[in-house]
Amino acid sequence: TTKYPPSLIIYDLKTDNLLRKYVFPEDQVKQDSGFANIAVEDTDCDKTYAYAGDLGKPAIVVYSWEKNDSWRITHHYFNPDPLACDFSVKGHNFSWTDAIFGLGLSAPNADNFSTLYFHPMASYNEFSVSTEYLRNQTVADDSFDAFKLLGSRGPNAQSSVSFVDRKTGVLFYSLVNLNAVACWRTSNNKYLMKNQGRIYMNEETMVYPTDIKVDYEDNLWILSNRLPIWMYGKLDLNEVNFRVFSAPVVHAISHTACDITPRSDILEKFVNKAKNITKDIVAKVKPNSSTTTKPITVLLTLSCLVRFLAT
C-alpha cells in the first residue's frame, strides 16, 4: 500500500529549513516502482540534478532543481540479468529481480558533465553514461549508444549500492553475496576483475552492506543491516544487527588495486632484496674478498625495477 507518493525532500542543512518538496508525477511512478537510491549532481548549485533509480520498474527519474521538473528515462541496461537473480546471504537462499540500484557520480568534466556509473542489483556488470544525455529526455532517447557496458565483477558478485569518491575517482560498491565492499579506480580504462580491489570482507559484521558514502572530509562510510536475515529468517536481538563503518578513503584503498599512493615501500623491498642476493653471491664466489659489490647490486636492482614496472 502506497500511503505517500515518492518525493524529493530538500533541506538547507545549515538552518534545517525545508527548501522544497517535489512529488514525482503520477506518470513517472509505475505500479511496481521502488526508488532505493539517488545520486545528486550539485557542483553548480543552480543547475543541480538528482538521479533516482527505479529498481521495480527499470528507469531513472531525473530531476532538475532549476526547472523544478522531472522526466523518466529507460534503457535495457537498467534491467535485471535473469542469470544473476539468485542470492545467498548468511545461509538464506532467495531470488531477487531488482533492477537499477547502484548509482555513482564522477567529478564533472570541463563541460560540467559527470559520468554516472550504475548497475542493476541482479547483475554482475557495471555500466556508465554521461549526464549530458540524462539531462534531456529527448537526447537520452535518441542516444541509445551513449550508455556503455564497462565490464563484469565476476561470478557471485551482485552489487547493491555504490558511490564515487570524486577526489580520488574511486568507485566503491557492495558485494551482497560475498559480505564485502570492493572498489575500482575509474581512471583505469578497463573494468576487469584484476583491476578491482576488496576494501573489507566479513561474514559476521558486513552482512548486507546497504549504503556507501564519502563525506567532505574524505572519509568512507558504510552501513550494514542484515536485511535478508530479517526478511527470510529472524534477527537475533542478542546480536549486533546494524553497523556503521568508517575509514579515511586513502586508508581504505591502501594496498588494493585502487591504491593511488606511490608504492615506495614495494620498491624499497625489491632494492633490499637485490642487495641481500648480491651479498650472498659475492660471499659464495669470493668468501674472503673485500671487493666492492656496488656494480652488481646496481644491475640487480635495475633488473628488479624493470620487472616491477612491467607488471
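Note that the structure is predicted; figures quoted are calculated from it, not measured.

(A) Highlighting the overall build of the protein. A tally of regular secondary structure across the protein gives six helices and 19 strands. Per-residue burial over the protein gives 41% buried out of 311 residues. Put simply, the protein shows about 17,600 Å² of open surface, and 54% of that area lies on carbon and sulfur atoms.

(B) The arrangement of the sheet that holds strand β17 (residues 209-214) in detail. Judged by pairing direction, the sheet is antiparallel, and its three strands sit side by side in the order β17-β18-β19 without closing on themselves. Every other strand in the sheet has two partners, leaving β17 and β19 (243-248) as the edge strands with one partner each. For this sheet the average axis-to-axis angle between neighbouring strands, irrespective of direction, equals 15°. Where strand β18 (residues 219-224) and β19 come together, six bridges link them in antiparallel fashion. Paired with S224 across the two strands is R243, which belongs to β19.

(C) Structural context of the environment of S130. Checked against the element boundaries, S130 lands in strand β11 (residues 125-130). In this structure the C-alpha to C-alpha distance between S130 and F147, which are 17 residues apart in sequence, comes to 7.9 Å. Those residues in contact with S130, other than ones at most four positions away along the chain, are F113, S114 and T115.

(D) Fine view of the pattern of salt bridges. By the definition in use, this model includes 10 salt bridges. Across the pair E126 and R153 runs a salt bridge whose closest N-O atoms are separated by 3.0 Å. Taken together, the residues E126 in strand β11 and R153 in the loop between β12 (148-152) and β13 (162-165) connect sequence positions 27 residues apart. Accessibility classification places E126 together with R153 in one group, the buried group. Through salt bridges with shared partners, a single network forms among K90, E204, R226 and E239.

(E) Fine view of the state of the cysteines. The tally for this structure, following the rule as stated, stands at one disulfide. C183 shares a disulfide with C258; S-S distance 2.0 Å. Given an S-S torsion of about 110°, the disulfide between C183 and C258 has right-handed geometry. Within this pair, whereas C183 is found in strand β15 (residues 180-185), its partner C258 is found in the loop between α4 (249-252) and α5 (264-285), the two being separated by 75 residues in sequence. According to the relative accessible area criterion, C258 is buried, its value standing at 0%.

(F) Just the packing of aromatic side chains, in detail. Taken as a whole and judged by the stated rule, the model has 16 aromatic pairs. Arranged with centres 5.9 Å apart and planes meeting at 75°, the rings of F78 and F147 form a pair that is edge-to-face. Placement of F78 in the loop between β6 (69-73) and β7 (86-89) and of F147 in the loop between α2 (137-142) and β12 is noted, with a sequence separation of 69 residues between them. On the basis of relative accessible area, F78 is assigned to the buried category, the value being 0%. Among the aromatic residues, those joined into a ring-pair cluster are Y77, F78, F118, F127 and F147. The side chain of R20 reaches across the aromatic face of W65, ending 3.6 Å from its centre.

How each quantity is defined
Residues numbered from 1 in each chain as written. Predicted model: local features only at pLDDT ≥ 70, side-chain atom pairs only at ≥ 80, totals over all residues. Heavy atoms only, no water. Helix = DSSP H or I, 4+ residues; strand = E, 2+ residues; numbered from the N terminus. Buried < 20%, exposed > 50% of the residue type's maximum accessible area, 1.4 Å probe, protein only. Areas by Shrake-Rupley, 256 points an atom, 1.4 Å probe, with all protein chains shown as cover. Pairing = 2+ DSSP bridges. Axes fitted to C-alpha atoms, helices over the stretch in contact; angles between N-to-C directions. Contact = heavy atoms within 4.5 Å. Salt bridge = Lys/Arg side-chain N within 4 Å of Asp/Glu carboxyl O. Disulfide = S-S within 2.5 Å. Phe/Tyr/Trp six-rings, centres within 6.5 Å; stacked < 30°, edge-to-face > 60°. Lys NZ or Arg CZ within 6 Å of the ring centre and 35° of its normal.

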